[in-house]
Amino acid sequence: MFKEFNVSTEDRYQLIDITEKAEEIVKESGVKNGLVFIFVPHSTASIILTENEEGLKKDWLEIFKKLTSGIDFQHNKIDDNADSHILSGLAGQGKILPIKDSRTVRGTWQQIFLVEFDGPRTRKIIVKIVEG
Ligand code: ZN
């Protein structure tokens, strides 16, 4: 099963919890046991697992800014978003999760987040589900 959905982002850097939507798609697929691959087909966004807590979300944004500040990026000569590409690659563009009893297997504090690094934009998210 293959499904796509869009998420509109509002800020240049932003964390958006997509857990509910992902769980809904897993449930609708009818797959009880298997794997789900959640992928963002963009080179300036990521998918991460983290706790949905306001302070922690700000902490992520702070570390992302610090990781790429003070660097004279070559890519910025042609397109002013080298930081966005680098952070997207570092944080990763997809996650694979097990499915058990029609739900993703996650730790209590592992919510699924889209991370925007070059917003605001409309981001496509791909959900691929494999039974087994
Ligand atoms: Zn670029």
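As the structure is a prediction and not an experimental result, all values here were calculated from the model. (Residues numbered from 1 in each chain as written. Predicted model: local features only at pLDDT ≥ 70, side-chain atom pairs only at ≥ 80, totals over all residues. Heavy atoms only, no water.)

Chemist: Quick question: what am I supposed to make of the side chain of glutamate 116 here?
Modeler: For glutamate 116, the location among the structural elements is in strand E7 (residues 111–116). Here the side chain of glutamate 116 touches threonine 9 through a polar contact of 2.8 Å, side chain to side chain. Among the polar contacts made by the side chain of glutamate 116, one reaches the main-chain amide nitrogen of glycine 119 at a distance of 3.1 Å. (Helix = DSSP H or I, 4+ residues; strand = E, 2+ residues; numbered from the N terminus. Polar contact = N/O pair within 3.5 Å; in protein donor to acceptor, adjacent residues only side chain to side chain.)

Chemist: What is the right way to read the coordination of the zinc ion from this model?
Modeler: Each pair of donors in an ideal four-coordinate tetrahedral metal site encloses 109.5 degrees, whereas pairs in an ideal six-coordinate octahedral site enclose 90 or 180 degrees. Taken together, the protein donors to the zinc ion comprise His75 (NE2), Asp79 (OD), Asn81 (OD1) and His85 (NE2), at separations of 2.1 to 2.2 Å. Viewed at the metal, the 4 donor atoms of the zinc ion are separated by angles of 88 to 152 degrees, and the geometry they form is irregular. Binding-site remark: the zinc ion is held by donors from one chain whose sequence spacing is H-x3-D-x1-N-x3-H. With histidine 75 in the loop between helix H2 (54–67) and helix H3 (82–91) and histidine 85 in helix H3, this residue pair connects regions lying 10 residues apart in the sequence. (Donors = N, O, S within 2.8 Å, 3.2 Å for Na, K, Ca; no water. Tetrahedral: all angles 85-135°; square planar, octahedral: opposite > 155°, others 65-115°.)

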